[in-house]
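Examining the three-dimensional arrangement
Here's the letter readout for the chains.
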Amino acid sequence: MSTREEYSALNAAPQSYFPSPPLSRASNESDESLRALELSEGPEQPELLRRGRVSRSYSISGFNFESELLPLSSSLDEPDTHHEVTEKNISLISAIALCVGSQIGSGIFSSPGVVVANTQSVGASLIVWLASGVLGWTGASSFAELGSTIPINGGAQAYLAYSYGPLVSYLFAWTSISALRPGGNAVVSLIFSEYLNRLFWHTTRAEVSPDDIPQWAIKLTAIAAVLVISIICVATRNLGMRAAVAFTTVKVAALMAVTILGIIQLARGRASSSLREPLFADSSHSPSSYALALYSGLWAFDGWDQANYVCGEMKNAERNLPRAIHSSMGIVTLLFLLANLAYFVVLDKVTVGLSNTVAMDFGRALFGPVGGSVFAFMVAFSCFGALNGTAYTSSRLIAVAGREHYLPAWFGKLHSTRKTPVNAMCLHALLTTLFISVGGGFRSLINFAVVASWAFYFLTVLGLVILRIKEPMLDRPYKTWIITPLLFCAVALFLLCMPIIAAPLEALAVLGFVSAGIPLYYITHRNDPNVPIPRVFAIFASGWARLRGRPAAEAGWEAVATEGDELEMSEGRGRGAQSR
């Protein structure tokens with residue numbers, strides 16, 4: 001039976017959360033090395049063992065935040081009891097809705113002001129938005145190839161594991177679970193809360209200060225939103241995705257309404273002064289200003305990788321994942337360009353540049369305070385929908401971390417009847433609530449997120465190039481142009497250099513936080529024979545063992561049993577040898 005036939009036969013059987021590719025990545029074995037171990041249980045196991053290729057199957061995934069990663073602790077010669085059976089129940093439409101819904105958040109309603117304030121002209125602003133879409137698309141296209149080649153849950157965590165090994169994957173997971181995901185969702189939930197409270201406290205009128213809203217009301221509303229979203233994502237297996245489709249439909253309709261209103265104003269000859277003067281008049285000539293504008297545009301487009309995190313649950317992922325990614329990027333890019341043009345039809349560029357609530361100003365300019373209220377609700381609803389998409393993938397990421405033993409195994413268990421990661425969602429909701437409660441410092445958090453997330457984006461897409469070189473025979477159902485990842489990596493390096501030069505202390509803080517995951521990785525893998533412990537950690541472990549009065553297993557001896565205060569030692573033959 002050929003490798004492709006074996007892979008098809010394996011996929012025809014009921015799937016559990018997909019195990020990892022093997023650690024060996026030789027190019028002449030690339031197709032088999034990725035596909036042959038996609039199941040660690042079932043009737044195929046004896047055949048794999050007879051081949052003698054591996055005695056154990058260990059995942060190279062990380063303590064990451066997406067569902068169904070490569071199982072680090074899975075064994076071919078031991079019963080696999082910690083994997084939960086999952087179904088492929090995400091359709092192409094649902095995957096598109098997940099991506100589009102995650103991208104249409106608060107960015108398109110607030111970032112236009114930052115972009116035009118830095119570019120200083122309408123034409124340059126629109127070009128930055130187009131460039132942001134194209135650059136985001138290059139990254140999305142690279143992720144489409146990686147996802148169709150490695151069709152398992154986990155997104156960047158799985159791809160980093162296969163390209164660089166488990167440590168880099170673990171650092172990505174550590175950073176994402178502990179800071180990026182809960183911190184980002186805290187920001188989105190607070191924006192949702194502020195807009196919703198503006199409606200309740202009647203502060204959508206221009207003359208009323210947003211400071212009139214009590215902070216306790218904003219935080220309580222944000223926490224309530226997190227709890228409601230958490231329930232939606234885990235109440236049933238399909239409710240989270242159905243909610244994503246519903247939220248996305250409304251958000252796309254809202255942006256189309258903005259565009260139609262702008263077209264009507266333009267047809268009636270009521271365009272603002274922004275479109276009556278040359279489009280590129282007074283354009284900025286500062287590269288740093290355009291870099292800041294590009295940051296804001298890319299932040300608005302962020303979310304194009306969300307479908308990769310649930311790739312293992314998609315129907316026909318090898319074909320549908322690239323379709324979902326390209327369809328969502330085309331839809332979002334078009335909607336964002338048309339919405340920005342509509343803003344400039346109604347508002348002059350000075351007003352847009354000074355506003356961080358462009359959508360509300362747009363509604364007030366057309367319909368007065370009532371229009372401001374309607375658009376405030378639209379922004380709040382958009383944030384709520386984006387929160388649903390990111391929480392859905394975050395909970396499944398944490399569940400995989402539990403199954404990989406990066407977190408207690410309790411977080412990797414699915415609910416017995418609902419088959420959803422309830423425990424993982426509880427952890428994510430708790431972390432998000434803590435970020436909301438602490439409050440403040442979100443500007444620093446956003447800077448942290450920019451540096452950390454783009455560093456891992458760069459490594460992930462660079463991994464595509466590495467795999468093209470090291471494993472040219474790897475089966476790739478979808479293959480992007482090689483210029484695509486190269487262009488994305490070049491832009492990512494530029495975007496990383498700017499904040500590092502402008503704020504070196506914050507960049508060092510990011511490096512320190514990510515590096516803190518290195519000792520955690522070796523601590524969580526201290527009993528894994530496939531993970532060599534660095535000498536510095538081995539010395540520390542030996543010293544700690546002596547302090548406890550329990551000699552480390554070394555010099556040919558290993559601890560095999562303890563009874564009372566006595567310690568029985570047995571001579572062994574190296575690590576993992578049988579005692580005698």
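Residues numbered from 1 in each chain as written. Predicted model: local features only at pLDDT ≥ 70, side-chain atom pairs only at ≥ 80, totals over all residues. Heavy atoms only, no water.

The name that an unreviewed UniProt entry assigns to the protein is Amino acid transporter, with the source organism given as Heliocybe sulcata. According to its UniProt record, the protein has this under Subcellular location (unreviewed entry): "Membrane". (UniProt positions renumbered as here; feature names shortened; annotations may be inferred.)

**Topic: the overall build of the protein**
Looking only at helices and strands, the protein features 21 helices and two strands. Relative to its 580 residues, the protein shows a buried fraction of 55%. For the protein, the proportion of contacts with a sequence separation of at least 24, taken over those separated by at least 6, is 78%. Total accessible area on the protein stands at roughly 24,700 Å², and carbon and sulfur atoms take up 65% of it. (Helix = DSSP H or I, 4+ residues; strand = E, 2+ residues; numbered from the N terminus. Buried < 20%, exposed > 50% of the residue type's maximum accessible area, 1.4 Å probe, protein only. Contact = heavy atoms within 4.5 Å. Areas by Shrake-Rupley, 256 points an atom, 1.4 Å probe, with all protein chains shown as cover.)

**A closer look at the nonpolar core**
If you look at the biggest cluster of nonpolar residues, it comprises 108 residues, and the most contacted ones within it are Ile 104, Ile 108, Phe 109, Leu 255, Phe 336, Phe 362 and Trp 454. Counting residues per element, this core draws most heavily on helix α12 (residues 317-346), at 13 residues. Leave out the neighbours within four places in its chain, and Phe 336 touches Gln 103, Ile 104, Ile 108, Trp 129, Leu 255, Ala 300 and Phe 301. Grouped together as the second largest cluster of nonpolar side chains are 15 residues, Ile 177, Ala 399, Tyr 406 and Phe 411 included. (Core = buried A, V, L, I, M, F, W, Y, C linked by side-chain atoms within 4.5 Å.)

**Re the packing of aromatic side chains**
Tallying each qualifying case throughout the model produces 22 aromatic pairs. Geometrically, the ring pair formed by Phe 301 and Phe 336 is tilted, given 4.9 Å between the ring centres and 55 degrees between the ring planes. Of the two residues, Phe 301 is situated in helix α11 (residues 287-301) and Phe 336 in helix α12; the sequence distance between them amounts to 35 residues. Look at Phe 301 and you get buried, because its relative accessible area is 1%. Through pairs of rings, three or more aromatic residues link up here, namely Phe 143, Tyr 159, Trp 304, Trp 454, Tyr 457 and Phe 488. Lying across the ring of Tyr 309, Arg 181 places its NZ or CZ 5.1 Å from the centre. The side chain of Arg 396 reaches across the aromatic face of Tyr 392, ending 3.8 Å from its centre. (Phe/Tyr/Trp six-rings, centres within 6.5 Å; stacked < 30°, edge-to-face > 60°. Lys NZ or Arg CZ within 6 Å of the ring centre and 35° of its normal.)

**Some thoughts on the UniProt feature "transmembrane region" (unreviewed entry) in the protein**
What UniProt calls "transmembrane region" (unreviewed entry) maps, in this numbering, to residues 216-236, 243-267, 325-346, 366-387, 422-442, 448-469, 481-501 and 507-524. The span residues 325-346 is 100% helical and 0% strand by assignment, and the distance between its end C-alpha atoms comes to 32 Å. Between the C-alpha atoms that bound residues 507-524 the distance is 27 Å, and the span itself is 94% helix and 0% strand.

**Considering the packing of α11 against helix α18 (residues 483-502)**
Packed helices, taken two at a time, are described by the angle between their axes plus the distance between the axes. Two numbers describe how α11 lies on α18: the axes approach to 11 Å, and their chain directions differ by 115 degrees. Between α11 and α18, the crossing angle belongs to the class labelled roughly perpendicular. The two elements α11 and α18 cross, and the hand of that crossing is left-handed. Here Ser 288, Ala 291, Leu 294, Tyr 295 and Leu 298 of α11 come into contact with α18, specifically with Phe 494, Leu 495, Leu 496, Met 498 and Pro 499. Class assignment for the residues of the contact of α11 with α18 results in nine nonpolar, one polar and no charged. (Axes fitted to C-alpha atoms, helices over the stretch in contact; angles between N-to-C directions. Parallel < 35°, antiparallel > 145°, perpendicular 65-115°, else oblique. Left-handed = near helix turned anticlockwise from the far one by under 90°. Nonpolar A, V, L, I, M, F, W, Y, C, P; charged D, E, K, R; others polar.)

**Some points on unusual backbone geometry**
Unlike most non-glycine residues, Gln 120 shows phi in positive territory, near 70 degrees. Looking at where Gln 120 falls in the secondary structure, it is placed in the loop between α5 (107-119) and α6 (122-149). Owing to a relative accessible area of 40%, Gln 120 belongs among the partly exposed residues under this scheme. Positive phi, close to 60 degrees, is recorded for Lys 419, a residue that is not glycine.

**Section: the packing of helix α8 (residues 166-200) against helix α9 (residues 215-235)**
Between α8 and α9, the shortest axis-to-axis distance is 8 Å and the interhelical angle comes to 120 degrees. On the basis of their axis angle, the class for α8 and α9 is oblique. The two elements α8 and α9 meet at a crossing, and its hand is right-handed. On the side of α8, the interface is formed by Ser 189, Leu 190, Phe 192, Ser 193, Glu 194, Leu 196 and Asn 197, while α9 contributes Ala 217, Ile 218, Lys 219, Thr 221, Ala 222, Ala 225 and Val 226.

**Comments concerning the side chain of Asn 118**
Of note, Asn 118 is situated in helix α5. On the accessibility criterion, Asn 118 (14% relative accessible area) is buried. For Asn 118, the contacting residues outside a window of four places in its chain are Ser 284, Ser 289, Leu 292 and Ala 293.

**Focus on the environment of Gly 113**
With respect to the helices and strands, Gly 113 occurs in helix α5. When the C-alpha atoms of Gly 113 and Leu 354 are compared, they prove to be 6.2 Å apart, with 241 residues separating the residues in sequence. Residue contacts for Gly 113: discarding those within four places in its chain leaves Val 352, Gly 353, Ser 355 and Val 358.

**Some words on helix α19 (residues 504-515)**
Compared with an ideal rise of 1.5 Å per residue, which puts twelve residues at 16 Å, α19 spans 16 Å between its outermost C-alpha atoms and is within 8% of the ideal. Among the residues of α19, Ala 507, Val 510 and Val 514 are the ones counted as buried. Along α19, the residues classed as buried sweep out an arc of 55 degrees about the axis, all on the same side. In α19, the exposed positions that point more than 90 degrees away from the buried face belong to Leu 505 and Leu 508. (Expected span 1.5 Å × (residues − 1). Arc of directions from axis to C-beta.)

**What about the pattern of salt bridges?**
If you walk through the whole model with that rule in mind, you get five salt bridges. Taking the shortest distance from any N to any O, the salt bridge between Arg 396 and Glu 313 comes out at 4.0 Å. In this pair, Arg 396 is assigned in helix α15 (residues 369-403) and Glu 313 in the loop between α11 and α12, connecting sequence segments 83 residues apart. The burial state of Arg 396 is the same as that of Glu 313; both residues are buried. One salt bridge in this structure joins Arg 364 and Asp 361, with 2.6 Å as the shortest N-O distance. In this pair, Arg 364 and Asp 361 both sit in helix α14 (residues 358-367), three residues apart, roughly one turn of the helix. (Salt bridge = Lys/Arg side-chain N within 4 Å of Asp/Glu carboxyl O.)

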